[in-house]
Amino acid sequence: MALFSQTSQQGFQALLWKCHMFWPVSRCRQLFAASFSVPNREKTNYLSFMTSSSTALPVDPKETDVLPTKKRSEIDCKEGKGWDEETKEIPEGKFRFSSSLGAAKKWSMSHVQSRHKFSNVQPPEKPLQAEEWNKLREDFQSPEIFEEVMLNSMIRCNSPIDVAKSLLTHLAKRNGDIAYNVLVKYLTLCVQQRQVSEIRDVYDIMKVRFKILESGAYNLLIRGLSNSDQWRMALTLLEEVKKIMIPSRTCYESCIKAASRHQEMKLAFELYDEMLAKDVIPTLDVLQSFFDYSRGMKDAELQKELFGILLYLRENQIYPHKTFMRSIKLWFESIPGGNWRGRLTNIKDSGQCPVCNHQLEDSNLTEEEYSNLSERIVRDVIHGTDTFRKTSPQEFEAFQTFVENRLPFDIVIDGLNVSHIKSRKMQCENLFDAVNCLAKENARLLVLGRKHMLINSSNWKREIMKEMQNKADFFFAENISEDDAFLLYATLRSGKHCKFVTRDFLRDHKACLPDSLTRHLFRKWQRGHQIVFFPSAEGRSMKFLPAFHYDCVVQTTGDTWHIPYKDVFEEKYSYQVPRKWLCIQQK
């Protein structure tokens, strides 16, 4: 192996003697050598160290046989086989590290800031000898974090493994130990460069030295192994993780992709179902991979599973991006004998698909659904949660009286939210533009504001506020109040026709609803009643997109599928629904 090597019989006996004070002989035989090979300008020096539960002790290099260090080109060509083509670098600082006892290490803010000061440090291009590392460390502004900064730089610059090895060799010789966080950083570089043997070697050290690893190390190990021809070892590690914690999304998805790449789709879906059962939310990337790796397969059970993913998108109001949408389209069209054909389209305002003439589902709730939803929101969201931590019962009671005396409204506006739409304009001007635009159709408007808006200031001009109050009803809550509950109450009390304007997604309120059916109704009501607004291209005015009359979620009739999609990936949920659709028909 590249990091560790078999010792000669003589060297092995010497090693057992050296570590006997720390381990029983049987345990030492599991450890024996950890070898870092460091090229010299004139000759090659080798430093080996063995590991105990808390130390890495130097071993006489003369007693150890090691393999010569691989050249970078050899690593790239030979070790790279079997890896997925798409690789992402692991960002600096993504992982937290434990101490040598496996406990989480807490870094102070000043320490973190110190690291960032040296983000431009360039690592050496070639391995260095101990005296050269010592000189660099002595000249470094903060020697106490030199190794951490240097390893972070190596990760960022994707330095040759030999350079990192020479630093670790130097540390082992100087300290008699290789700390946990240093091993994890070295592991990060190995995963980044897809060097399977190195990954396995670091794991061999870690599992001997530490009783338990933290999630960051498991993420790296599973990710690195799953992208190799030794991917089944990642499954073994996943089982190990399950014994001590709920595996992370990275762990699950790495294993799912590995199984999918090797056409073991049943295993992939078992892992997918397991992560959902544990409330581990999948990324669009792994959902897309199911469609990519299932292309051309004729399997009724597999088809059912993939349809289940589409229904998962529907249930959670998830919109695939263009690349994911294309994977779905290609999968449908690749099903042997399926006769599916997908075409991109824009749905008419009436809700009719121009491709297949199918009428999409109506966004309106039935009277019974609307009544049930209203009761649940008042009971579980407004009165059943922490609403009154953000407002007082007296204020909300006053708001209810205010609304009841002025019902019904056509549009309810989150005034503070709208006022921030364009940062270069005064907040009152942003709100004024919105009120003017929405009042054109003689709509009855309710604007939810805050009391600080009534104080003449650079952002809130008294004369503009007075002019707006001639065009809309205003309710000014306390400055610390949370106005989402006010918005929901006023909109629902005004009736099914009433719309609302805010850029908030209202996720917290959906989460307060007790069952999936009510949450589904809430999202459906939201999609049909939330008005989208944004600045115009020239920035002089505000544009509003009316709420749809049809429901903007994945839909199917059995022989048709309609899938709304977005042009680009969005990491966060969005209140904006797509305008583009994929229509898939079975001929």
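Scroll up a little and you will see the structure.
Reading the values: the criteria
Residues numbered from 1 in each chain as written. Predicted model: local features only at pLDDT ≥ 70, side-chain atom pairs only at ≥ 80, totals over all residues. Heavy atoms only, no water. Helix = DSSP H or I, 4+ residues; strand = E, 2+ residues; numbered from the N terminus. Buried < 20%, exposed > 50% of the residue type's maximum accessible area, 1.4 Å probe, protein only. Contact = heavy atoms within 4.5 Å. Areas by Shrake-Rupley, 256 points an atom, 1.4 Å probe, with all protein chains shown as cover. Axes fitted to C-alpha atoms, helices over the stretch in contact; angles between N-to-C directions. Parallel < 35°, antiparallel > 145°, perpendicular 65-115°, else oblique. Nonpolar A, V, L, I, M, F, W, Y, C, P; charged D, E, K, R; others polar. Core = buried A, V, L, I, M, F, W, Y, C linked by side-chain atoms within 4.5 Å. Pairing = 2+ DSSP bridges. Expected span 1.5 Å × (residues − 1). Left-handed = near helix turned anticlockwise from the far one by under 90°. Salt bridge = Lys/Arg side-chain N within 4 Å of Asp/Glu carboxyl O. Phe/Tyr/Trp six-rings, centres within 6.5 Å; stacked < 30°, edge-to-face > 60°.

Quick look at the overall build of the protein
Here comes step 1: The number of helices and strands found in the protein is 25 helices and 13 strands.
Here comes step 2: Counting every position in the protein, which comprises 587 residues, the buried fraction comes to 52%.
Here comes step 3: Restricting the contact set of the protein to residue pairs at least 6 apart, pairs at least 24 apart contribute 71%.
Here comes step 4: When the accessible area of the protein is evaluated, it comes to approximately 28,400 Å², of which 49% is carbon and sulfur surface.

Thoughts on the packing of helix α6 (residues 146–157) against helix α8 (residues 180–192)
Here comes step 1: Put simply, α6 and α8 touch, their axes get as near as 9 Å, and they point 10 degrees apart. Between α6 and α8, the interaxial angle falls into the category roughly parallel. Across from Glu148, Leu151, Asn152, Met154 and Ile155 in α6, the residues of α8 making contact are Val182, Lys185, Thr188, Leu189 and Gln192.
Here comes step 2: Residue composition of the contact of α6 with α8, by class: five nonpolar, three polar and two charged.

Describing the nonpolar core
Side chains that are nonpolar tend, in soluble globular proteins, to be buried together.
Here comes step 1: Judged by nonpolar contacts, the single largest core of 88 residues is most densely connected at Leu287, Phe290, Leu310 and Ile328.
Here comes step 2: Considering each element in turn, this core owes the most residues, nine residues, to α8.
Here comes step 3: By size, the runner-up hydrophobic cluster in this structure holds 30 residues, among which are Leu373, Val403, Leu506 and Phe522.

Remarks on the sheet that holds strand β12 (residues 560–565)
Here comes step 1: Sheet architecture is open: four strands sit in the order β4-β13-β12-β11, paired in antiparallel fashion. Of all the strands in the sheet, the pair left with one neighbour each is β4 (340–345) and β11 (555–556).
Here comes step 2: In this sheet, β12 lies alongside β11 in antiparallel orientation, the contact comprising two bridges. Residue pairing in the sheet places Gln555 in a bridge with His562 of β12.
Here comes step 3: Against the sheet, helix α16 (residues 322–334) makes contact with β4, β12 and β13 (580–586), and its axis sits at roughly 155 degrees relative to β4, the strand it touches most.

Things to note about helix α21 (residues 427–438)
Owing to its 3.6 residues per turn, the α-helix brings residues three or four apart onto one side.
Here comes step 1: For α21, which comprises twelve residues, the first-to-last C-alpha distance of 17 Å matches the rise-based estimate of 16 Å (1.5 Å per residue) to within 8%.
Here comes step 2: The element α21 is largely enclosed, with a buried count of nine among its twelve residues.
Here comes step 3: Among the residues of α21, those classed as buried are Gln427, Cys428, Asn430, Leu431, Phe432, Asp433, Ala434, Val435 and Leu438.

Points about the pairing of strand β6 (residues 445–450)
Here comes step 1: The buried fraction of β6 is high, at six of six residues.
Here comes step 2: What you see with β6 is no split at all: Leu445, Val447 and Gly449 on one side and Leu446, Leu448 and Arg450 on the other are buried throughout.
Here comes step 3: Here strand β5 (residues 411–414) runs beside β6; their pairing, made up of four bridges, is parallel. Bridge assignment links Ile413 to a residue of β6, and that residue is Val447.
Here comes step 4: Relative to strand β7 (residues 473–477), β6 is paired through five bridges, and the arrangement is parallel.

A few points about the environment of Tyr565
Here comes step 1: On the secondary structure map, Tyr565 appears in strand β12.
Here comes step 2: The exposure class of Tyr565 is buried, given its relative accessible area of 5%.
Here comes step 3: Placed 247 residues apart in sequence, Tyr565 and Ile318 show a C-alpha to C-alpha distance of 8.8 Å.
Here comes step 4: In this structure, Tyr565 is in contact with Pro320, Lys322, Met325, Leu344, Pro578, Lys580, Trp581 and Leu582, ignoring residues within four places of it in sequence.

Description of the packing of helix α17 (residues 367–382) against helix α23 (residues 484–494)
Here comes step 1: Viewed as axis vectors pointing N to C, α17 and α23 meet at an angle of 155 degrees, and their least axial separation amounts to 11 Å. The angle between α17 and α23 places the two elements in the roughly antiparallel class. Viewed along their axes, α17 and α23 form a crossing whose handedness is left-handed. Contacts between α17 and α23 involve Tyr370, Ser374, Ile377, Val378, Val381 and Ile382 on the former and, on the latter, Ala485, Leu488, Tyr489, Thr491 and Leu492.

Brief notes about the pattern of salt bridges
Here comes step 1: Enumeration over the complete set of coordinates arrives at 23 salt bridges.
Here comes step 2: Residues joined by salt bridges that share partners form a network here, namely Arg137, Glu147 and Arg174.

What about the pairing of β12?
Here comes step 1: With six of its six residues buried, β12 lies for the most part within the structure.
Here comes step 2: Across the two faces of β12 the burial is the same, with Thr560, His562 and Pro564 and Trp561, Ile563 and Tyr565 all buried.
Here comes step 3: As consecutive antiparallel partners, β11 and β12 are separated by three residues, and within that stretch Gly558 has a phi angle of approximately 105 degrees, a positive value.
Here comes step 4: Sheet topology places β12 next to β13; six bridges connect them, and they run antiparallel. Bridge pairing links Pro564 to Trp581 in β13.

Examining the packing of aromatic side chains
Here comes step 1: Enumeration according to the criterion identifies 27 aromatic pairs in this entry.
Here comes step 2: Consider the rings of Tyr180 and Phe210, whose centres lie 4.8 Å apart with planes at 85 degrees: the pair is edge-to-face. Taken together, the residues span a long stretch of sequence, with Tyr180 in helix α8 and Phe210 in the loop between α9 (196–209) and α10 (215–226) at a distance of 30 residues.
Here comes step 3: Owing to a relative accessible area of 1%, Tyr180 belongs among the buried residues under this scheme.

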